[in-house]
Each structure stands twice: as C-alpha cells, then as structure tokens.
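Chains, contacts and geometry: an overview
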Amino acid sequence: MPEERALSFACRGAWLYGIVSLPAAPHPRGVLIVVGGPQYRAGSHRQFTLLARDLAAAGIPAMRFDYRGMGDSEGELRNFENVDEDLRAAIDRFFLEVPGMKEVVLWGLCDGASAAAMYAPQDARVGGLVLLNPWVRTEEGAARATIKHYYRARLFDARLWKKIAGGQFDLKASLRSLWQDLGKAFRPRPASASASVAVGSGAPLPERMQAALTRFGGRVLVVLSGADLTAQEFADLSARPGAWQRLLATPRFTKQKIDKADHTFSRRPWQDQVSNWTRDWLRSW
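What counts, and at which threshold
Residues numbered from 1 in each chain as written. Predicted model: local features only at pLDDT ≥ 70, side-chain atom pairs only at ≥ 80, totals over all residues. Heavy atoms only, no water. Helix = DSSP H or I, 4+ residues; strand = E, 2+ residues; numbered from the N terminus. Buried < 20%, exposed > 50% of the residue type's maximum accessible area, 1.4 Å probe, protein only. Contact = heavy atoms within 4.5 Å. Areas by Shrake-Rupley, 256 points an atom, 1.4 Å probe, with all protein chains shown as cover. Expected span 1.5 Å × (residues − 1). Arc of directions from axis to C-beta. Pairing = 2+ DSSP bridges. 1 Å grid on protein atoms, 1.4 Å probe; cavity = no way out; pocket = protein on both sides within 12 Å on 5 of 7 lines; lining within 4 Å. Points joined across faces, edges and corners; volume = space filled by probe spheres on them. Nonpolar A, V, L, I, M, F, W, Y, C, P; charged D, E, K, R; others polar. Core = buried A, V, L, I, M, F, W, Y, C linked by side-chain atoms within 4.5 Å. Axes fitted to C-alpha atoms, helices over the stretch in contact; angles between N-to-C directions. Phe/Tyr/Trp six-rings, centres within 6.5 Å; stacked < 30°, edge-to-face > 60°. Lys NZ or Arg CZ within 6 Å of the ring centre and 35° of its normal.

Before going further, it helps to examine the overall build of the protein. A tally of regular secondary structure across the protein gives 10 helices and 8 strands. Across the 285 residues that make up the protein, the buried fraction comes to 49%. Intrachain contacts of the protein at a sequence separation of at least 6 include 71% that bridge at least 24 residues. Within the structure as shown, the protein displays about 14000 Å² of accessible surface, and the carbon and sulfur contribution to it stands at 54%.

Listed below in structure tokens is the structure:
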C-alpha cells in the first residue's frame, strides 16, 4: 500500500504544509498538484486527495500542499500570479522526499493550472503539465463565452419560456445584461493585444500564458469540461486562428474533454476519468 506522509517546509519565513503519497517503488516522474482558487490541498469534493492516492496506487509519487495564506500554511494570502516561490519550495521538498525522482509534472485546475503554466519555464525539473480548465479570463473572453454558450443554451431551455410566460422572469434585466456582454465582447481590442507587441508583465493574461507555454517546450495534457464557462473561454481562445491555435496543434499537446462535466469535475466518474487520463498520459512518454 502507498504511504502518506505529512510535510512541513519553509518558504520566505513561512511554514507550508502538505502531504506526499509514496508508492513502495516510486516512478521517476512525480506529480505536484497545484491548488487553484480559494482552495486547499484536499480540493473540491476531495478531488486532489483522491487523485494523489490513485496515482500513488499506480506507482506514481504525488504531492499536494497549501500555498502561503491558504489552508494550514502560514503567511499572507496571495493570488495565482504570486506563488512561484511557493511552487519552488514545494518542488524542492518533493525531491527530498523521493530521492529517485528525476522530474516533476505540475497538475492544476483553473487558476492553479495557470500558475503551473507560468511557473514551468523557470524550472528545468518540470517535465510536463496537466491543465484542467485553465484560467485565461479577460472581460472580452468571458463575455464572448457567455454569449456563445450561456445565452444560446438558454434560448432553447423550455423552463425559461415558461417563466417568461408566467411573468416570473425579469426580461428587462436579462436584456440589459446581454447588451453589456455584447459591448464587452465586441469592443475594439487594445493595441497591447496585437501579436506584434512584445509580451511583458503588463500584457493580458492569455498572452502571458501562451508565451509561457511556448517557452516551456515540455509535454502538456489539457482537460476541459463541456459544461463550464471557464473551459469554454479557453476553448474559444485556442480555436481562433493565431498563436494559441498553432501552439495547441503541436504534437506535445494532448487534449481531452468531458462533455457534461462541471468546473470542478464534481461527480466521481468524472474524477476517475481525469485520474485515468492523467495516469495513462504520464506513462506514455
């Protein structure tokens, strides 16, 4: 049976806490689960706990931990763009716990996926990424995804028309919200969004993510939920002609989708499918 070991390690004077799941004979490629959101190391619906145990049962060492300011860890709360030091400290400790490990794969959901993608080019020990519903949010992208996927679905929802017929639906407020989304979706793009502009720290998040993944050069597994606007925003962005589309078309990217899954893959069959895809992908190279 795999062993689970509680860990504490320092990062900039704060103590961070995590758990490593260790097989008896660990594979040389381990998985560090990167927390997203206001989350902690167990994950929504215990997803991260179950994933780590599934991987360890298959011989793959896995570690999950809390950033500074989240869960049990000390320090001030920080967002996903300010956790590079936390990730480096966690990887350092992971390698100490698994001496035979040669490289690590970062596995993240939502803005945890984005944090992993932007960190990966900085650390040669990172050999791959698993990105679930990556967060690439912009006002324009969110509005486009809402119009395309939310409003379109609502038009064919019989329950909506029953509410309208029964006077139980605020049509004016809904139309006002739609008009606002249309304005955001089709506003002129700023000059900084042009492909000709160098990507810097002030560039929009999608451009910085694309640049980081291009610099990284390692293998990437992308898993999307079919019933999630965050996933739809990423899918729409990567389907447009341009740098994102070219990047995801390269052989080092593998893409999977669960059509009916929600943002956090809340049902056990969805979680199991993600675990199976992760395990099989890790063994494929």
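That was the structure; now back to the text.
Quick look at helix α10 (residues 268-282) now. Spanning 15 residues, α10 covers 21 Å between terminal C-alpha atoms, matching the ideal 21 Å at 1.5 Å per step. Residues of α10 that are buried: Trp270, Gln271, Val274, Ser275, Trp277, Thr278, Trp281 and Leu282. Within α10, the buried residues cover an arc of 165° as seen down the axis, which keeps them to one side. In this structure, the buried side of α10 is in contact with β3 (29-34), α1 (47-57), β5 (103-109), β6 (126-132), β7 (219-225) and β8 (253-258).

Note that strand β1 (residues 3-11) and strand β2 (residues 14-22) share 9 bridges and pair antiparallel. Within β2, the residue paired with Ala10 across the bridge is Trp15. Here β1 folds back onto β2 in antiparallel fashion, the turn holding 2 residues, of which Arg12 has a positive phi close to 50°.

A word on empty space enclosed by the protein. A full pass over the atoms with the stated rule returns 1 cavity of 30 Å³ or more. Taken as a whole, the largest cavity holds about 40 Å³ of empty space. Forming the boundary of the largest cavity are Gln47, Leu50, Leu51, Asp54, Arg268, Gln271, Asp272 and Ser275. Counting only elements with at least two residues in the lining of the largest cavity, the list comes to α1 and α10. In terms of residue class, the lining of the largest cavity is built from 2 nonpolar, 3 polar and 3 charged.

Core analysis: the largest hydrophobic core is formed by 51 residues, its most contacted members being Leu32, Met63, Phe65, Leu106, Leu129, Leu213 and Trp244. Every residue in contact with Leu213, bar those within four places of it in the chain, is listed here: Ala117, Leu129, Leu131, Val220, Trp244, Leu247, Arg252 and Phe253. Counting 25 residues, the second-largest nonpolar core is a separate cluster that includes Val130, Leu132, Ala261 and Trp270.

Here we have 8 strands laid out as an open sheet, ordered β1-β2-β4-β3-β5-β6-β7-β8, and mixed in their pairing. Each having just a single partner strand, β1 and β8 make up the two edges of the open sheet. Here the strands of the sheet are splayed against their neighbours by 20° on average, with no regard to which way each runs. Bridge count for β7 against β8 is 6 bridges, and the pairing is parallel. Along β8, the bridge assignment pairs Val220 with Phe253. Of the strands in this sheet, β1, β2, β3, β4 (62-65), β5 and β6 are in contact with α1, which crosses β4 at around 160°. Here helix α7 (residues 205-216) sits on the sheet and contacts β6, β7 and β8; the angle it forms with β6, its principal contact strand, is near 145°.

Structurally, Thr264 can be placed in the loop between β8 and α10. By relative accessible area, Thr264 is classed as buried at 16%.

This part is about the packing of aromatic side chains. Working definition: an aromatic ring pair is given by the centre-to-centre distance plus the angle between the planes. Tallying each qualifying case throughout the model produces 5 aromatic pairs. Between Phe9 and Phe65, the ring centres sit 6.1 Å apart and the planes meet at 50°, which makes this aromatic pair tilted. Taken together, the residues Phe9 in strand β1 and Phe65 in strand β4 connect sequence positions 56 residues apart. Each of the two residues, Phe9 as well as Phe65, counts as buried. Here a set of aromatic residues connected by ring pairs shows up, and it is made of Phe9, Phe65 and Tyr67. Here Arg29 stacks its cationic end above the ring of Trp285, 3.6 Å away from the centre of that ring.

Although it is not a glycine, His45 sits at a positive phi angle of roughly 60°. With a relative accessible area of 43%, His45 lands in the partly exposed category. Here Asn133, not a glycine, exhibits a phi torsion of approximately 45°, which is positive. Structurally, Asn133 can be placed in the loop between β6 and α4 (139-155).

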